[in-house]
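Analysis of the macromolecular model
Here is how the chains run, residue by residue.
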Amino acid sequence: DGGITQSPKYLFRKEGQNVTLSCEQNLNHDAMYWYRQDPGQGLRLIYYSQIVNDFQKGDIAEGYSVSREKKESFPLTVTSAQKNPTAFYLCASSLRGLLRQPQHFGDGTRLSIL
Amino acid sequence: KNEVEQSPQNLTAQEGEFITINCSYSVGISALHWLQQHPGGGIVSLFMLSSGKKKHGRLIATINIQEKHSSLHITASHPRDSAVYICAAATEETSGSRLTFGEGTQLTVNP
């Protein structure tokens, strides 16, 4: 079955450490997105990519980095510059734009500070 | 003020009740998405609409473009409908399309 796989499900980070969250899709979708969710708040866009080797900053990109070397993969690195990284991170994809296509989501990664 | 606002934030209903969740947006949108988030965190897309009304089973979504307002209705609610319901506005930008999300409505349906 096609879908989006995020790993790991839970992740713990030490102070000053970079961590990378994995996102893989086998839906042959062009566009991929990373969101952050905090309790009581709506999802906020971190980065998105419409095609391979190209990506755009979202609303809260500071302290994060991404790459899009392959169509099916869009890893997110949470760097030590992100001072409050504890959150639920969701990866999503869509066939192309979101005007006529639904967005598909992974099951998320919960990141916590040790 | 958020660009996408939902009401109510929390909603408790008895099984069988008719439920309405409202969404207002201030941005110029190309489409409006309704999503459902389960307690474990997974999100599924329910509807995507740019005009009129859509129905899927007991769920109905409507949108009024002139008033910048959308509603999600659940008929004959059931405890398994308990979840967070999220509306999101799709906008087209030079760098591609993106969603702006409301804060969600926590629905609890009691048996």
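So, here's what we can say about the structure. Keep in mind it's a predicted model, so treat the numbers as computed, not measured.

Reading guide: rules and limits
- Residues numbered from 1 in each chain as written.
- Chains lettered and ligands numbered in written order.
- Predicted model: local features only at pLDDT ≥ 70, side-chain atom pairs only at ≥ 80, totals over all residues.
- Heavy atoms only, no water.
- Patch = residues over 30% accessible without salt bridge, like charges linked within 9 Å, V, L, I, M, F, W, Y side chains within 5 Å.
- Areas by Shrake-Rupley, 256 points an atom, 1.4 Å probe, with all protein chains shown as cover.
- Salt bridge = Lys/Arg side-chain N within 4 Å of Asp/Glu carboxyl O.
- Helix = DSSP H or I, 4+ residues; strand = E, 2+ residues; numbered from the N terminus.
- Buried < 20%, exposed > 50% of the residue type's maximum accessible area, 1.4 Å probe, protein only.
- Pairing = 2+ DSSP bridges.
- Axes fitted to C-alpha atoms, helices over the stretch in contact; angles between N-to-C directions.
- Contact = heavy atoms within 4.5 Å.
- Buried area = accessible area lost by both parts, 1.4 Å probe.

Moving on, we come to a nonpolar patch on the surface. Residues and elements named next belong to chain A. On the surface, Tyr10, Phe12 and Leu114 cluster together to form a nonpolar patch covering roughly 380 Å² of accessible area. Counting through the fold element by element, Leu114 comes out in the segment after strand E11 (109–113). For Leu114, a relative accessible area of 63% corresponds to the exposed category.

Moving on, we come to the pattern of salt bridges. Close approach of charged atoms lets side chains of opposite charge pair. Residues and elements named next belong to chain A. Per the stated rule, a full pass over the model turns up five salt bridges over all chains. Notably, a salt bridge pairs Arg36 with Asp38, separated by 2.9 Å at the nearest N-O pair. Grouping residues by exposure puts Arg36 and Asp38 together as buried. The salt bridge partner of Asp38 is Arg44, with a shortest N-O separation of 2.7 Å. Put simply, Arg36, Asp38 and Arg44 are held in one network by salt bridges that share partners.

A few words on the sheet that holds strand E8 (residues 76–78) of chain A. Residues and elements named next belong to chain A. Here four strands make up an open sheet; going across it, the order is E1-E3-E8-E7 and the pairing antiparallel. Looking at which strands have only one partner, the edges of the open sheet turn out to be strand E1 (4–7) and strand E7 (64–66). Averaged over all adjacent pairs, the angle separating strand axes in this sheet is 20°, with direction ignored. Of the pairings in the sheet, the one linking E1 to strand E3 (residues 19–25) comprises four bridges and is antiparallel in character.

To continue, consider the pairing of strand E2 (residues 10–13) of chain A. All names here are of chain A. Alternating positions in E2 separate cleanly, Leu11 and Arg13 being buried on one face and Tyr10 and Phe12 remaining unburied on the opposite face. Note that E2 and E11 share four bridges and pair parallel. By the bridge assignment, Phe12 is partnered in E11 with Ser112.

Our focus in this paragraph is the interface of chain B and chain A. Contacts between chain B and chain A engage 23 residues on the former and 24 residues on the latter. Approximately 1800 Å² of surface area, both sides summed, lies buried where chain B meets chain A, with 56% of it carried by carbon and sulfur atoms. Interface area lost by chain B to chain A is led by Ser97, Arg98 and Phe101 of chain B, which between them contribute 28%. The interface formed by chain B and chain A includes one salt bridge. One salt bridge connects Arg98 of chain B with Asp59 of chain A, and the closest N-O pair in it is separated by 2.6 Å.

All names here are of chain B. The antiparallel open sheet is built from five strands, whose spatial order is E1-E3-E8-E7-E6. Edge positions in the sheet fall to strand E1 (4–7) and strand E6 (52–56), since each of these pairs with one other strand and no more. The mean angle between the axes of side-by-side strands here comes to 15°, regardless of whether they run parallel or antiparallel. As paired strands, E6 and strand E7 (residues 59–64) are joined by five bridges and run antiparallel to one another. Bridging across to E7, Gly52 finds its partner in Ile63.

None of this, on its own, says anything about what the molecule does.
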